[in-house]
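Here's the letter readout for the chains.
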Amino acid sequence: MRRRLFVGLTLPDKAQSSLFESQRSWPHLPGARFARELHLTLKFLGNVADSDMQGIVAALESAAVALRPFALSIGGLGCFPNARRASVVWRGVDQGFREISEAAAQVERALEPLGFARETRPYTPHITLARLRPPLDARSWMPKAECPPAFPSFQIDQFHLIQSDLRPDGARYTSLHRFLFAA
């Protein structure tokens, strides 16, 4: 059996509620599919055989113990590939940017010997809020959607190996393993 997996940071309920509340200031976006569960991806693994799980779990355990807990706060809005032709709308990271980037690098280093290629693009920590089909020009409404800009900060002390099940109504995520950082 194969599973679609990624390594990610889950968000506390209060942070998720604040993010969902902030979307209420957005205008109607035709063709938008809003995320139902929010997270920060450290590394996408793709379709992985069950026979590879033991090695992945061991590698991620070694990556987690090399990390220390840190505070994270949610930043401003952004779009992929850009605001003029937005297909993904996301929020970035303010406080904790360096630490989350190091966590992603640590995960990359741990999984590379198992055959998972390093990402060639620079890591951009983000929380995907919506996917837009077709892409839209977001430049006119994004500045208005920044209010209210302040989100509560929260502590990150673990990451998860997460299974992603794609469904017609959106992806569903299941944490398969939790990896605690060193205290």
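Residues numbered from 1 in each chain as written. Predicted model: local features only at pLDDT ≥ 70, side-chain atom pairs only at ≥ 80, totals over all residues. Heavy atoms only, no water.

Looking now at the pairing of strand E7 (residues 127-136). Bridge analysis of strand E2 (residues 32-34) against E7 gives 3 bridges, and the strand direction is antiparallel. Bridge pairing in E7 links Arg 33 to Arg 131. (Pairing = 2+ DSSP bridges. Helix = DSSP H or I, 4+ residues; strand = E, 2+ residues; numbered from the N terminus.)

Quick look at the environment of Phe 154 now. Structurally, Phe 154 is set in strand E8 (residues 154-156). Linking Phe 154 and Ala 171, residues 17 residues apart in sequence, is a C-alpha distance of 25 Å. Sequence-distant contacts of Phe 154, defined by excluding residues within four places in its chain, comprise Leu 11, Pro 12, Ala 15, Phe 70, Ala 71, Leu 72 and Ile 74. (Contact = heavy atoms within 4.5 Å.)

On to the packing of helix H2 (residues 53-65) against helix H3 (residues 97-111), then. Where H2 meets H3, the axes come as close as 9 Å, and the angle between the chain directions of the two elements is 140°. Taken together, the axis directions place H2 and H3 in an arrangement best described as oblique. Between H2 and H3 lies a crossing whose hand is right-handed. In contact with Ile 56, Ala 59, Leu 60, Ser 62 and Ala 63 of H2, H3 contributes Gln 106, Val 107, Ala 110 and Leu 111. For the contact of H2 with H3, the residue count by class is 7 nonpolar, 2 polar and no charged. (Axes fitted to C-alpha atoms, helices over the stretch in contact; angles between N-to-C directions. Parallel < 35°, antiparallel > 145°, perpendicular 65-115°, else oblique. Left-handed = near helix turned anticlockwise from the far one by under 90°. Nonpolar A, V, L, I, M, F, W, Y, C, P; charged D, E, K, R; others polar.)

All chains considered together, the criterion is met by 7 aromatic pairs. Judged by centre distance (5.8 Å) and plane angle (45°), the ring pair of Trp 26 and Phe 34 falls under tilted. Residue classification places Trp 26 among the buried positions, given a relative accessible area of 7%. Relative accessible area serves as the criterion here: at 39%, Phe 34 is assigned to the partly exposed category. (Phe/Tyr/Trp six-rings, centres within 6.5 Å; stacked < 30°, edge-to-face > 60°. Buried < 20%, exposed > 50% of the residue type's maximum accessible area, 1.4 Å probe, protein only.)

This next bit is on the environment of Val 88. Summarising the element assignment, Val 88 is placed in strand E6 (residues 86-93). The buried category is assigned to Val 88, whose relative accessible area is 8%. Along the chain, Val 88 and Phe 34 lie 54 residues apart, while their C-alpha atoms are 9.8 Å from each other. If we ignore the near neighbours within four places in the chain, the residues touching Val 88 are Gly 78, Cys 79, Phe 80, Thr 128, Ala 130 and Arg 131.

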